[in-house]
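# Structural overview for review
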Amino acid sequence: MIKKILQKDDPVLHKVCHPVTNFDQKLANLLDDMTATLKDAQGLGLAAPQIGILRRVCIVLNDQEEYLELVNPEIVSQEGEQEGFEGCLSLTGMYGIVERPMKVKVKAQNRHGEPVEFEGEGITARCFCHEIEHLDGHMYYEKCDRLFTEAEVDDMMQAVDAD
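As a starting point, this report considers the structure included with it.

What counts, and where the lines are drawn
Residues numbered from 1 in each chain as written. Predicted model: local features only at pLDDT ≥ 70, side-chain atom pairs only at ≥ 80, totals over all residues. Heavy atoms only, no water. Salt bridge = Lys/Arg side-chain N within 4 Å of Asp/Glu carboxyl O. Helix = DSSP H or I, 4+ residues; strand = E, 2+ residues; numbered from the N terminus. Buried < 20%, exposed > 50% of the residue type's maximum accessible area, 1.4 Å probe, protein only. Core = buried A, V, L, I, M, F, W, Y, C linked by side-chain atoms within 4.5 Å. Polar contact = N/O pair within 3.5 Å; in protein donor to acceptor, adjacent residues only side chain to side chain. Patch = residues over 30% accessible without salt bridge, like charges linked within 9 Å, V, L, I, M, F, W, Y side chains within 5 Å. Areas by Shrake-Rupley, 256 points an atom, 1.4 Å probe, with all protein chains shown as cover. Lys, Arg positive; Asp, Glu negative; His and termini not counted. Charge placed at Lys NZ, Arg CZ, Asp CG, Glu CD. Pairing = 2+ DSSP bridges. Axes fitted to C-alpha atoms, helices over the stretch in contact; angles between N-to-C directions. Contact = heavy atoms within 4.5 Å.

With that out of the way, let us pick up the pattern of salt bridges. Taken as a whole, this structure holds 11 salt bridges when the rule is applied. Measuring nitrogen to oxygen at the nearest pair gives 3.0 Å for the salt bridge that ties R56 to D136. Residue R56 is found in the loop between strand 1 (45-47) and strand 2 (57-61), and its partner D136 is found in the loop between helix 2 (123-135) and strand 8 (147-149); the two are separated by 80 residues along the sequence. According to the relative accessible area criterion, R56 is buried, its value standing at 14%.

Here it is in structure tokens:
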């Protein structure tokens, strides 16, 4: 079921999420709802607090177009750095320049409580970091000097392409 995505000023987005301890049908339903919501919003990632659930669960669409389910995720290693525009389904139409690691390895559990590990580079690494920060009550704009509108980003990208 597609859920409403909470926006920036909702206090739920600024709270620390609780670990998942029950790997049951309720969790499976949450993961299914989150995937449906993410697909509908055409985003790259979604964390449970963005739909009002304070649990350590997120979904990331990786660069192979796979929806990765991460329950109780932790970043276990990171390498390099990248700087680029980042947006969020909870802050629509705005973007900020954020520095992130170029490569990230995450350990988590799947919907059955079994351990899983994922590695990602580039945009996938960025998504892992972004979504896991949501679980700790943080949003990307806390790392930005300023936010840009979509029109400003388009103008900047056209100026780069013209060079």
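Picking up where we left off.
Before going further, it helps to spend a moment on the nonpolar core. Membership of the largest hydrophobic core comes to 16 residues, with the highest contact counts inside it found for C58, V60, L70, V104, V106, F128 and L135. Counting only elements with at least two residues in this core, the list comes to strand 2, strand 3 (67-79), strand 6 (103-109) and helix 2. With 6 residues, helix 2 is the single largest residue contributor to this core. If you look at the next biggest cluster of nonpolar residues, it comprises 14 residues, including L27, L30, M34 and V71.

Moving on: the side chain of T124. Here T124 lies in helix 2. Reaching out from T124, the side chain makes a polar contact with the backbone nitrogen of D63 at a distance of 3.1 Å.

The grouping of D63, E65, E66, E79 and E121 at the surface amounts to a negative patch. As for its placement among the helices and strands, E121 is situated in strand 7 (residues 115-121). Classification of E121 by relative accessible area gives partly exposed; the value is 47%.

Before going further, it helps to examine the sheet that holds strand 8. The 3 strands lie next to each other as 4-5-8, forming an open sheet whose pairing is antiparallel. Looking at the sheet topology across the chains shown, the edges are occupied by strand 4 (82-88) and strand 8. On average, each strand axis in the sheet is tilted by 35° relative to the strand beside it, whichever way the strands run. Contacting strand 4 and strand 5 (91-100), helix 2 runs over the sheet at an angle of about 50° to strand 4. Each of strand 4, strand 5 and strand 8 is contacted by helix 3 (residues 150-162), which is oriented at about 85° to strand 8, the strand it contacts most.

Bringing the pairing of strand 3 into the picture now. Judged from the 5 bridges that link them, strand 2 and strand 3 form a sheet pairing that is antiparallel. The residue of strand 3 that forms the bridge with C58 is L70. Note that strand 3 and strand 6 share 6 bridges and pair antiparallel. In the sheet register, S77 faces strand 6, and the bridge partner there is K105.

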